[in-house]
Amino acid sequence: DLLHLVCDVAVELDSDLAFVEHDPKFAAFLTLGPNSNIKGKQFTHFIFEDEERERVQGSLQSSVASTSHPGAMHTSLRDSWHKSINVEAFFVEFDSGDLTKHYFLGFREFQESPIPDLPRGAEPNPEIQVGTQVQRRPRVAMA
């Protein structure tokens, strides 16, 4: 599926924004312990800031009214060390087999880098890529 191609991890949430299944890849992404089970846990529990939880929840649940149009947003997740992980989240809602709304969410880690200023009169070097660059944490080996 497309989310797995462009994202570090993809998950499915139910209409209450809870994980439908345990996802070991998402658990590893947040460096959760091997015995942690996220099935049934609210996704918003893993959002870094309280104010951000409300915004993310509103963004996801407003997609219900948009009849399955995909969306994207930036947010920060909280890992097991209570550190912030900046992510781009891609999502779409869909009707599940039991006719309730579910969501597919994909996450890609990113870190914003400032655009460097060029000295006055300097010409840009085409060899250097300027802009937001992705910097990834080391991958966690999954058992």
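On a predicted model such as this, the values are computed, not experimentally measured, just so you know.

## So, helix H3 (residues 50–62)
The α-helix winds at 3.6 residues per turn, so residues separated by three or four positions along the chain end up facing the same way. The end-to-end C-alpha separation of H3 is 19 Å, in line with the 18 Å expected for 13 residues at 1.5 Å each. What H3 keeps buried is the set Glu 52, Val 56 and Leu 60. Summarising the axial view, the buried residues of H3 lie within an arc of 65°, below the 170-degree limit, and thus occupy one face. The exposed set on the far side of H3, more than 90 degrees from its buried face, consists of Asp 50, Glu 51 and Glu 54. Its buried side turned inward, H3 meets strand E2 (71–78), strand E3 (84–95) and strand E4 (101–109).

## Observations concerning the packing of aromatic side chains
One pass over the structure, following the stated rule, counts 7 aromatic pairs. Judged by centre distance (5.1 Å) and plane angle (45°), the rings of Phe 19 and Phe 26 are tilted. Comparing Phe 19 with Phe 26, the two get one shared label, buried. A ring pair is formed by Phe 94 and Phe 104, whose centres lie 4.4 Å apart and whose planes are at 15°; its orientation type is stacked. Taken as a pair, Phe 94 in strand E3 and Phe 104 in strand E4 lie far apart in primary sequence, 10 residues in all. Here a set of aromatic residues connected by ring pairs shows up, and it is made of Phe 19, Phe 26, Phe 43, Phe 46 and Phe 107.

## With respect to the nonpolar core
Among the nonpolar cores identified, the biggest contains 23 residues, and Phe 26, Phe 43, Leu 60, Leu 77, Leu 105 and Phe 107 are the most heavily contacted of them. Taken together, the elements giving at least two residues each to this core come down to strand E1 (9–13), helix H2 (24–29), H3, E2, E3 and E4. Setting aside chain neighbours within four positions, we find Phe 26 in contact with Val 9, Val 11, Phe 19, Ile 38, Phe 46, Leu 77 and Phe 107.

## Description of unusual backbone geometry
When glycine is set aside, most residues are seen to have a negative phi, and most peptide bonds are trans. Positive phi, close to 65°, is recorded for Leu 17, a residue that is not glycine. Inspection of the secondary structure puts Leu 17 in the loop between E1 and H2.

## Regarding the sheet that holds E1
Neighbouring strands of a sheet are bound in pairs by backbone hydrogen bonds; such pairs are parallel or else antiparallel. Ordered in space as E1-E4-E3-E2, the 4 strands form an open sheet in which the pairing is antiparallel. Every other strand in the sheet has two partners, leaving E1 and E2 as the edge strands with one partner each. If you compare each strand with its neighbour and ignore which way they point, the axes differ by 30° on average. Looking at chain direction, E2 and E3 are connected through 8 bridges and run antiparallel. Note that in E3 the partner of Thr 75 across the bridge is Val 87. Taken strand by strand, H3 contacts E2, E3 and E4, and its axis lies near 150° from that of E2.

## A closer look at a nonpolar patch on the surface
A cluster of nonpolar side chains, namely Leu 2, Leu 5 and Val 6, defines an oily patch on the protein surface of about 330 Å² accessible area. Secondary-structure assignment places Leu 2 in helix H1 (residues 2–6). Accessibility expressed as a relative area gives 61% for Leu 2, which makes it exposed.

Reading the values: rules and limits
- Counting restarts for each chain, with residues numbered from 1 along the sequence as it is written.
- Local features in a predicted model are, by the rule used here, given only for residues with pLDDT of at least 70; side-chain atom pairs are given and counted only at 80 or more, and totals for whole chains, interfaces and linings are based on all residues.
- Side-chain metrics in this entry use all non-hydrogen atoms of the structure; hydrogen atoms and water are not considered.
- Counting from the N terminus, the helices are DSSP H or I runs at least four residues long and the strands are E runs at least two residues long.
- A helix's residues, less one, multiplied by 1.5 Å, set its expected span.
- Under the scheme applied here, a residue whose accessible area is under 20% of the maximum for its type counts as buried, over 50% as exposed, and between as partly exposed, the area being computed with a 1.4 Å probe on protein chains only.
- Note: the arc covers the axis-to-C-beta directions of the helix.
- What makes two residues a contact is simply this: any of their non-hydrogen atoms within 4.5 Å.
- For this analysis, a ring pair means two rings from Phe, Tyr or Trp (six-membered ring only for Trp) whose centres lie within 6.5 Å, classed as stacked if their planes differ by under 30 degrees, edge-to-face if by over 60, and tilted for the remaining angles.
- In this text, buried Ala, Val, Leu, Ile, Met, Phe, Trp, Tyr and Cys residues form a nonpolar core when linked through side-chain atoms within 4.5 Å.
- Paired strands, as defined in this entry, are two strands with at least two bridges between them according to DSSP.
- Here an angle of 0 to 180 degrees is reported between the N-to-C directions of two axes, which are lines fitted to C-alpha atoms, with helices fitted over the stretch in contact.
- Distance thresholds for patches are 9 Å for like charges and 5 Å for nonpolar side chains (Val, Leu, Ile, Met, Phe, Trp, Tyr), applied to residues having over 30% relative accessible area and no salt bridge.
- Per-residue and other accessible areas follow the Shrake-Rupley method at a 1.4 Å probe size, with only the shown protein chains counted as cover for residues.
- Definition used for salt bridges: Asp or Glu carboxyl oxygen within 4 Å of a side-chain nitrogen of Lys or Arg.

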